Structure formats: structure tokens, C-alpha cells
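# Geometric and topological summary
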Amino acid sequence: MGRYIARRLALLPLSLLLVALITFVILRLTGNPVEIFLDVNSTPEQIAELTARLHLDEPIPVQFFIFLRDLMTGDFGESLQFNAPAAGIVLERLGATLTLASTGLGLAMTLGIGLGLVCAVQRDRAADFVITSVAVAGQSMPSFWLGILLIQLFALKLGWLPTSGAGGIQHIIMPAFTISAFLLPNIILITRASVLDLSHEQFVVAARSKGLSRGRVLITHILPNAFNPILSFLGIQIGALIGGSIITETIFAWPGVGRLILNSIAHRDVPVVEAAVLIIAVGIALTNLAVDLLQMLIDPRVRRQ
Amino acid sequence: MSDVTQARRVWLPWRARAAAPARLRAPSFGKNFKIGLGAGIILAMILTAIFAPFIAPYDPYQQSLAMRLKPPAWMEGGSARNWLGTDTYGRDLLSRLIYGARLSILVGVASMLLSCVIGTTAGLVAGYKGGRVEQVIMRLADAQMAIPEILLAILMVAAIGGSATNLILVLGVSRWMVYARVIFGLTRSLKQRPFVEAATLFGGSDRYIIRRHILPQIIPVLTVVATLQVAQMVLQETALSYLGLGLPNPTATWGNILAEGSSRLFVAPWIADLAGVAIILLVWGINMFGNGLREHIDPQSRLAPR
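Residues numbered from 1 in each chain as written. Chains lettered and ligands numbered in written order. Predicted model: local features only at pLDDT ≥ 70, side-chain atom pairs only at ≥ 80, totals over all residues.

## Overview of the packing of helix α9 (residues 176-191) of chain B against helix α11 (residues 206-242) of chain B
How two helices sit against one another is set out by the angle between their axes and by the gap between those axes. Residue and element names in this part refer to chain B. At a closest axis distance of 10 Å, the pairing of α9 and α11 adopts a crossing angle of 160 degrees. With respect to α11, the axis of α9 lies roughly antiparallel. Where α9 crosses over α11, the two elements pack in a sense that is right-handed. In contact with Val178, Tyr179, Val182, Ile183, Leu186, Thr187 and Leu190 of α9, α11 contributes Ile214, Gln217, Ile218, Val221, Leu222, Val225 and Gln229. For the contact of α9 with α11, the residue count by class is eleven nonpolar, three polar and no charged. (Axes fitted to C-alpha atoms, helices over the stretch in contact; angles between N-to-C directions. Helix = DSSP H or I, 4+ residues; strand = E, 2+ residues; numbered from the N terminus. Parallel < 35°, antiparallel > 145°, perpendicular 65-115°, else oblique. Left-handed = near helix turned anticlockwise from the far one by under 90°. Contact = placed C-beta atoms within 7 Å. Nonpolar A, V, L, I, M, F, W, Y, C, P; charged D, E, K, R; others polar.)

Structural data, given as C-alpha cells:
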């Protein structure tokens, strides 16, 4: 197990290097930021100065090595828009995105596991049929469309919640629900399937024959074992969760990294975009590792593989 | 003798299943309502897309100031002239949705094909060759998994601009890993099967073995993954358009209509709602079809394990 963790940790820098390469290649295709930033009347000296500051006068491979060297020191360069270190600007906005994403994740987990259990217990009855059908339909919905429907109902028609912005609890309700819709249908279906699968296992039969009640067996014996498939799903979906957050932030004008990225792309603020993408990628890679380790911790069978 | 039949059943699950007792046999296509229902919806959508010029009551790009933001026929102020109402520029929403089906389906299918070809090739090569080749391909796939697909697509569209071709390219490249990972796992396990080892011993070339012995075993799974991916591509295109990174604006795509509608929620909520309904209908049909197909191929994968 120690060897496995060591191997994973050793691969981490490699995969980050590849991420850096992908980001670098794509962003250098975007065109010359100098032309967009300086107006038509700028002097050749100004152009030369900005070009030199961004190292755009160097050959592309040299540019990549300068980029990597700066990364090692955590220096993503100065934002062209805000005249401040790019990494700082991204980290400032990261909190809002993480709040939103984790609230959405918590909501999806609670509702998903709860409803999945209901489906499993009520198998083939009305509740199961209704919840599974809605979940399958939910998989087919552009999740941000839910946000649009929520705005219509709760903000425009009923006037209970604000349409956009950040602030109190009332601001996060609709965005969090919208984000949770990216994961919820699958969590319901996975929970349902794995609980039903597990209910035929010998340890369940043994627990029942010891005289434990159905509810007790479900909570203390089946549920802990059903966690692992859900965890593996979440591990794969962390990227989708952050991607969903980018769209959701746009719908609800949530001041997070997603809107920062879109705004910076529009202004060709290359350092900020690079910083944001790399910070997100590091976060996702680390979360994936954490999920794998958590699975080992929870389930001895995974440890032995 | 019985050993031989036994062995066959283990090694060739795809064919052996047909020889299994009736109650274990996969249900026929006709009995699986999901396949029928899904195929029906998909077919209707495709026909609508193909015959759009004959079905659509108006030109989807014709603007009319006098007819701006008319609600659908069943709402107050609506008329049968514009069944689903009109948008900000007085364009007929029904006609725009009908024409929108063309691009949504085209982009969805074409980008699925592209990512399928890239991903399957990568997965086959990685799984078959192993070693260093495998490391390079699969590590690249892992690295790309660390960038959210939609973010990668946003970056690429921003870099090369939004046209139908670019959109297909971007979506295709952003999801190849899905295929690569599935096909890699399958190929690696198939490679250890005796029939592949035998073919290798007989001197079959790599290319022959992949085409004759590995690819046919992969096709069923690949079909299911590819079908379900079309749905994901349609959703992804919608999301990109919503962010203003889809096809340039007057173009009638469902994503564009939805994006335009969501900026007019106060005055004309029906635009965003109806575009959403069109998207859900298509994606739901594709998901139905894909899930039905999976159950047909692997009856144990049914939603309800019994």
C-alpha cells in the first residue's frame, strides 16, 4: 500500500507537467495579447516593453521553460488586467467557488444517498419508479437549465430568492441546487444499485439472522459498503463538479474562479487564465489522490489489491 | 467434450450467451421498450432535422420588428401564427428550434465520431502494446482528466474560435479519454486470453490480431459508450453556447436559443424553457436508446439488479 501511494505521488508532478504543457500550448494559440492590450496609438517602445515582459520575443520552447521555471516558484506572472500577481487574484476568488462547489456536493450527497436508499427499500413500488424516472430524466437535462427554471420560479414568480450575486444564505440556495444537479441523478442510481446488490451478500443474511432489524442492517451493514462505489464516482466527477461550477457561476453572477476565467479569456489576460487552470488542475489531481486513499481507508479489500 | 463447450462459454461470452438457456438469453431488441422508445425519438429528431425546410413554417432567420417576443399560442397574447411564439428579433421560435436540431445533431454525432476514433485507437494501442507506449498514452489521459472538460473546451474555443468545424474538433478532443480508458482495460484483458495468444503464436501480425480478434470483441461495449456520448456532446455544445463560446450568434442552435432566452427571462421565459425541452427530449431519447442497448448486450447491467 505504501508503494502504491509513493507511486501515485511520484506520478503527480508528471501529470501536472502535462497539464502545464496542454494549457501552455492552447493559450499560445490565442493570438498575441500585446495587440489586444495596447491601443492603436501605442509607441513601438511600449509594444516592445510588454512583449519582453511576457517573454513573447523568445522562441516557443524557451517560453515554455521560462513558464515552467516561474511555476516552480509559484510565480504565474502579473495579471494584464489588474496589475497584480495572477496567482493572488485566482486564490482570492477560489474561496467563493469552493464554497459553492462544496455546498452543492454536500447537497447532492445527502439527497442522493437518501433518495437512493428510499428507492432501494421501496424497490419496484411507486416511490422507486418516480424517483428513478426523475433521476434518468435529470441525467438528460443540461444541468444549468435547472438554474434557469429555479430563477423563473423562486426569483421571478415567487420573489423568495435573489436572482444573482453573493451574500447571505439566500444567495447560495439556487446555485447550490443547480450544481448538485450535475451529480444528483447518478448518486441516486448508484446508491440504489449498490444497496440492492449488497442486500444479497452473506454478511447481510448473517446480520439479519442474528436478529437485527432491517433498518439497522441497512444503516450499519449495507450503507458503509455502498460508500465505495459512490466515492469512486465522485472521484471521477470532481472535474465535472468544477466545470459545473463555472457554468453555474455565470448563471447566478457568483464571484468565483469560473467567472474570472471567462472574463480573463475575453480580455486575453493569459497569466490569470494559466494560473486558474493550473490551480484547478492541482486541486483536482490532489482530490483524486485523496479519494483513492479514502477508499483504501474505508475498505480493506481495496487496500489488498 | 464437455470441457470444450465449457471453455467456449468462458472465452466467448458474446456468442456463448446465445447458446445459454432461454431464461438467461438477452431479451430480443423488440422486447426492450427502451430501445424502441429511444430509437423512435432519435428517428423523429433526425427526420425533423433532415426535412427542416419542409416542416418549418417560417425562415428561422427572418426578423420582424412587429412580431417581437410574441408568446406561444397557448399563452395569453399568443396566436396560432407563431405556434411557439417568437424571439427578441421576431423570428419564429418553432422554425428556429426545428433548424437548430440540424446543428445540434450534426455537432453531437460528428464530435462523438472524432473522439471515438481518437480514444479507441489510443486505448487499443495502449492496451495492446503496453510498456512505455501505454505509460505515455494513459498518463496523458490522466493529465487531461485533471482539467475539467468544459474548461478545456472553453480554452480551445477561445484559442481557435467558434465555427461548426472547430466546435466538433474541440468537443472531440476534450472527451477522447472516456473511450481510451474503457478500451484500454478491455484490450489489456483480451490480450491475455488464449485465443489472442494462439493467434500471436501462429505468427499473426499485430494489425491482424487487433482487427480480427480484439476489435470485434470491443464493438458491443464501444457501441454503447459511443451512443451515450452523443448525448453528452449535445449537452456540452449547449453549455458552450450558453457561455457565448458556441457557434456565432444568429446561427440557430439549441444552445444559442437557450442562451438568448436566458437573457430574456423577465419578458420571454418561454424561449429558454422550450429550447430546454427540445434538448431534454433528444438527450433523453439517446440515453434511453443507449441504456437499452447496454441491457441488451449485458442483461446484468439492468438498473434493477434482481
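## Here's the deal with the interface of chain A and chain B
Across the contact, 41 residues belong to chain A and 38 residues belong to chain B. Taken together, the elements giving at least two residues each to the side of chain A that touches chain B come down to α1 (2-28), α6 (126-139), α7 (143-157), α8 (169-198), α10 (214-252), α11 (257-266) and α12 (270-298) of chain A.

## Remarks on the domain arrangement of chain A
For chain A, the assigned domains read domain 1 (2-72) and domain 2 (94-257 + 283-304). A straight line from the C-alpha centre of domain 1 of chain A to that of domain 2 of chain A covers 37 Å. (Domains from an automatic or database assignment.)

## A short note on the environment of Ala143 of chain B
In this fold, Ala143 of chain B is placed in helix α6 (residues 131-145). Put simply, Ala143 of chain B and Met177 of chain B are 34 residues apart on the chain and 9.9 Å apart in space, counted from C-alpha to C-alpha. Residues in contact with Ala143 of chain B, not counting those within four places in the same chain, are Ser15, Leu18, Val19 and Ile22 of chain A.

## Section: the UniProt feature "domain: ABC transmembrane type-1" (unreviewed entry) in chain B
Within this numbering scheme, the UniProt entry marks residues 101-290 of chain B as carrying the feature "domain: ABC transmembrane type-1" (unreviewed entry). Taken end to end, residues 101-290 of chain B comprises 84% helix and 0% strand; its first and last C-alpha atoms sit 19 Å apart. (UniProt positions renumbered as here; feature names shortened; annotations may be inferred.)

## Brief notes about the UniProt feature "transmembrane region" (unreviewed entry) in chain B
All names here are of chain B. Residues annotated by UniProt as "transmembrane region" (unreviewed entry) correspond here to residues 35-56, 103-128, 140-161 and 267-286. For residues 35-56, helix accounts for 91% and strand for 0%, while the C-alpha atoms at its two ends are 28 Å apart. When the span residues 140-161 is considered, its composition is 82% helix and 0% strand, and the gap between its end C-alpha atoms is 24 Å.

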